[in-house]
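Residue strings, one per chain:
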Amino acid sequence: MSTSLGPASGTASGAASSTATTTGAHLGHTSLNIDSLRDLARKELVSVLDSDHGVEKIYHLQPGPLETDCRNIIYICRPQLHYMKYIAEHIQTHTKTPQSGPYTYSLFFVPRRTALCEKVLEDEGVFGEITKGEYHLDLIPMEDDVLSLEWDSTFKELYLDHDTTSIYYAAKALMRLQGIYGLFPRILGKGDNSKALCDMMLRMRREMAVDDLDASMNMQLSQNIDSLIIIDRGVDLVTPLCTQLTYEGLIDEIFHIKNSFVEVDASLANPPSTNAPPTAVPTASSSTASTGKKKKVPLNAGDKLFGEIRDLNFSVVGGLLNKVARRINADYDERHSAKTVPQIRQFIVKMGGLAAEHQSLRLHVVAGIATNKEPEYIEEMINKQAPLVQVLRLLCLYSIVNSGLKAKQFEFFRKEILETYGFEHIQTLANLQRLGMLTKQVTNRNPYGLIRRSLSLIVDEVNEHAPNDISYVYSGYAPLSVRLVQCVVQRGRDGKQGGAGRAHGVSGLGNGWKGFEDVLRMLPGRTFDETQRVNDGQPQASKRLNVQPRVSLVFFLGGCTYTEISATRFLATQEGGQRDFVICTTQILNGNTLIDSIVQKVPDLHAQ
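Residues numbered from 1 in each chain as written. Predicted model: local features only at pLDDT ≥ 70, side-chain atom pairs only at ≥ 80, totals over all residues. Heavy atoms only, no water.

(A) View of the overall build of the chain. When helices and strands are tallied, the chain shows 25 helices and 14 strands. Out of the 608 residues in the chain, the part that is buried amounts to 52%. Taking all contacts inside the chain whose residues are at least 6 apart in sequence as the whole, residues at least 24 apart take part in 80%. Of the roughly 28500 Å² that the chain leaves accessible, carbon and sulfur atoms contribute 52%. (Helix = DSSP H or I, 4+ residues; strand = E, 2+ residues; numbered from the N terminus. Buried < 20%, exposed > 50% of the residue type's maximum accessible area, 1.4 Å probe, protein only. Contact = heavy atoms within 4.5 Å. Areas by Shrake-Rupley, 256 points an atom, 1.4 Å probe, with all protein chains shown as cover.)

Below, the structure written as structure tokens:
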């Protein structure tokens, strides 16, 4: 028997596979058939675990000795140095206690091994004790239209450490998609790291032509995907720092969604007794009584109610949940009118779905209650010793939109933060300054104001109930990243702009960035528009069924928020069924997780 230890994303690999089985019914319902990616990952996982052996126990990989009766141990983890030290500690502990018997160790890196990790194992003296391999888990289907590498450290690695490993992983993942769905006819993007990703993909395709000429010659342009749009997180740092106002975004802000799961109080997640059907929407006082136990709840399109409200502005959600509650109560009341055996049987069948739907209602009502407390001023937050991450988040947002803080203001906040939260955060402030997120003003000219007006990022009149613009997700602020996607996609609607693209058959994106050169020059990083050709040198697209909408892949390099996902989905609704979007990202983040990755981690000097 074998024991699987793994944190590909902080969870055991065997558990992740089981979760996919129970919650994956919401995948595979679009023309792109994202479900095939999950099946491919499952087959590779079975190969890693070896079908001749069963998985007896599953552990989280953590420091400290490993106490287990199993003799065959399989580690599945990200190629990170601290994980290598944990594994070395396990092996060294077993070596010191020979009476426990011989062990066999296997280590599979997700998605690929690194020389640095192997060097750590060698330095620890356990390199020869481990059989090493790779588990190529790249883009993980979270939804039919959301794929994520779930690489939590990409923002810090790319922009602070200048470690481009995640660009390589992203390029390999996108090349794998091209192997499944065909070549992307057009690759557009904004940002230096985005350009590096595009260049690496093109280079990998040239290398494939040398290593496997037949496979390269047989690759055709995709029948469904007409474009890949890569947005560098460094181009838009304002959006993740804003408080998300969609329902799913607020859930992430308050409870933090991890791998499509959220931890809530067990009493909230457990279904109510069927003997006492609900009579009203749960109230804040009755539903927030904590039992102290937590339970993980999946948040995906498999929950019908959640699928309806996830992308709505939160100001709309309360009224909608109230309507659903009244409908569910009315359906429960049907039990009194069921007189005949067939009617009773029909109600019992329906009641199973009603109980699940009511539990979903109960969860989503209570989840949105504790979202009405926000400190008003940064200085007040510091005086009240609010969490440092929240203080820095608001301060960085203020700095970015104003092109920095005035010198006196900068020194004031720097002094207040260090005196309140500790001088160990000198490095944290230095990190934010290096990233350009917390700086001094060097000029009175504010380019963000010009960008805001040129792209209509601030919309005064927003109808959250019947939105007609992506700005509804922030009640008046349009995410810059998604506005850039909109510039590319919706530019080619009229005949003049869209004619060129259609004439060549490359894509329906018209002239791409043309017409937005001035505003793009004000944004950091390079702008690019590449066309991929097949082996005959012609960029014609493959035949596409008329019933299938075109698909644009939108890749957020460095992470994206749930609200940006909602805004991108809204763009699809404006396309009248002619275009779908599939969002790919290195990770899903929010302002708190972004800032927390930059905060310098130091030991608690006051701990006993």
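(B) Representation of the pattern of salt bridges within the structure. A complete count under the given rule lists 23 salt bridges for this structure. For Asp145, the salt bridge is made with Arg569, and the minimal N-O distance between the two is 2.7 Å. Placement of Asp145 in the loop between strand E6 (140–143) and strand E7 (146–148) and of Arg569 in helix H24 (residues 562–573) is noted, with a sequence separation of 424 residues between them. Among the residues examined, Asp145 registers a relative accessible area of 17% and is labelled buried. Notably, a salt bridge pairs Arg233 with Asp236, separated by 3.5 Å at the nearest N-O pair. Taken individually, Arg233 and Asp236 each receive the classification buried, so the pair is uniform in this respect. Put simply, Arg112, Asp138 and Arg176 are held in one network by salt bridges that share partners. (Salt bridge = Lys/Arg side-chain N within 4 Å of Asp/Glu carboxyl O.)

(C) Quick peek at the confidence of the model for the chain. Per-residue confidence for the chain averages 79 on the pLDDT scale, and 74% of its residues sit at or above 70. The model gives residues 1–23 a pLDDT under 50, and that stretch makes 76 contacts with residues more than four places away or in other chains. In the predicted structure, residues 361–375 sits below a pLDDT of 50 and forms 37 contacts with residues beyond four places in sequence or in another chain. (pLDDT = per-residue confidence, 0-100.)

(D) Structural context of the packing of helix H6 (residues 165–181) against helix H7 (residues 192–211). Contact geometry of H6 with H7 gives a least axis separation of 9 Å together with a crossing angle of 50°. Considering their axes alone, H6 and H7 lie oblique with respect to each other. Like other packed secondary-structure pairs, H6 and H7 cross with a definite hand, here right-handed. For the pair H6 and H7, the contacting residues are Ile167, Tyr168, Ala170, Ala171, Lys172, Leu174, Met175 and Gln178 in the first and Asn193, Ala196, Leu197, Met200, Met201, Met204 and Arg205 in the second. Of the residues assigned to the contact of H6 with H7, the class counts are eleven nonpolar, two polar and two charged. (Axes fitted to C-alpha atoms, helices over the stretch in contact; angles between N-to-C directions. Parallel < 35°, antiparallel > 145°, perpendicular 65-115°, else oblique. Left-handed = near helix turned anticlockwise from the far one by under 90°. Nonpolar A, V, L, I, M, F, W, Y, C, P; charged D, E, K, R; others polar.)

(E) Inspection of the sheet that holds E7 at higher detail. Sheet architecture is open: seven strands sit in the order E6-E7-E14-E13-E9-E8-E12, paired in mixed fashion. Of all strands in the sheet, those bounded by a partner on one side alone are E6 and strand E12 (527–531). On average, adjacent strands in this sheet sit at an angle of 20° to one another, irrespective of strand direction. Pairing geometry for strand E8 (residues 186–190) and E12, over five bridges, is antiparallel. (Pairing = 2+ DSSP bridges.)

(F) Structural context of the nonpolar core. Among the nonpolar cores identified, the biggest contains 122 residues, and Leu197, Met437, Phe555 and Ile595 are the most heavily contacted of them. Of the residues forming this core, the biggest block, nine residues, is contributed by H6. Excluding its chain neighbours within four sequence positions, the residues that come into contact with Phe555 are Leu149, Ala170, Leu174, Leu197, Leu228, Ile229, Ile230, Ile231, Cys584, Thr585 and Thr586. Counting residues in hydrophobic clusters, the runner-up holds 21 residues, among them Met84, Ala88, Phe109 and Val120. (Core = buried A, V, L, I, M, F, W, Y, C linked by side-chain atoms within 4.5 Å.)

(G) Expanded view of the pairing of E6. Here three bridges tie E6 to E7, and the two strands are oriented antiparallel to one another. Following the sheet pairing, Glu143 is matched in E7 by Val146. Taking the residues that link successive antiparallel strands as the turn, the E6-E7 hairpin has two residues.

(H) Structural context of helix H19 (residues 426–434). Turning to H19, its buried residues number three or more, namely Thr428, Leu429, Asn431 and Leu432. In an axial view of H19, the angular spread of the buried residues amounts to 155°, which keeps them on one side of the axis. Contact partners of the buried residues in H19: helix H5 (154–160), helix H17 (388–401), helix H18 (407–421) and helix H25 (591–598). Where H19 terminates, the next one or two residues include Gly436, which has phi positive at roughly 75°. (Arc of directions from axis to C-beta.)

(I) Quick look at the packing of aromatic side chains. All told, the structure shown has ten aromatic pairs when counted by the stated rule. With a centroid separation of 5.0 Å and 40° between ring planes, the pair formed by Phe155 and Tyr159 is classed as tilted. Note that Phe155 and Tyr159 are positioned in helix H5 at a spacing of four residues, about one turn of the helix. Per residue, the accessibility class of Phe155 equals that of Tyr159, and both read buried. Taken together, the ring pairs connect Trp151, Tyr168 and Tyr169 into an aromatic cluster. Here the guanidinium or amino end of Arg71 rests over the ring plane of Tyr103, the centre of that ring lying 4.9 Å away. Between Lys132 and the ring centre of Phe127, over which it is positioned, the NZ or CZ distance is 3.9 Å. (Phe/Tyr/Trp six-rings, centres within 6.5 Å; stacked < 30°, edge-to-face > 60°. Lys NZ or Arg CZ within 6 Å of the ring centre and 35° of its normal.)

(J) Looking closely at unusual backbone geometry. Note that the residue after Val110, namely Pro111, is joined by a cis bond; omega there is 0°. A positive phi angle, close to 55°, is found at Ser475, a residue other than glycine. For Ser475, the location among the structural elements is in the loop between helix H20 (447–454) and helix H21 (480–489).

(K) Summary view of the environment of Glu263. Tracing the backbone through its elements, the reader meets Glu263 in strand E10 (residues 261–265). By relative accessible area, Glu263 is classed as partly exposed at 43%. Note: C-alpha distance between Glu263 and Lys294 (31 residues apart in sequence) is 6.0 Å. The contacts of Glu263, once residues within four sequence positions are left out, are Phe255, Lys294, Lys295 and Lys296.

(L) View of H20. Along H20, the positions that sit buried rather than exposed are Tyr448, Gly449 and Ile451. Seen from one end, H20 has its buried residues packed into an arc of 165°, which puts them on one side. Next to the buried residues of H20 lie helix H9 (238–241), H17, H21 and helix H23 (517–522). The N-cap of H20, judged by a side-chain oxygen 3.1 Å from the amide nitrogen of Tyr448 a few residues on, is Asn446. (Polar contact = N/O pair within 3.5 Å; in protein donor to acceptor, adjacent residues only side chain to side chain.)

(M) Main features of the packing of H17 against H18. Contact geometry of H17 with H18 gives a least axis separation of 12 Å together with a crossing angle of 175°. Compared by their axis directions, H17 and H18 come out roughly antiparallel. Each of Leu388, Val391, Leu392, Leu395 and Tyr398 in H17 lies in contact with H18, whose residues at this interface are Gln409, Phe413, Ile417 and Tyr421. A breakdown of the residues in the contact of H17 with H18 according to their chemical character gives eight nonpolar, one polar and no charged.

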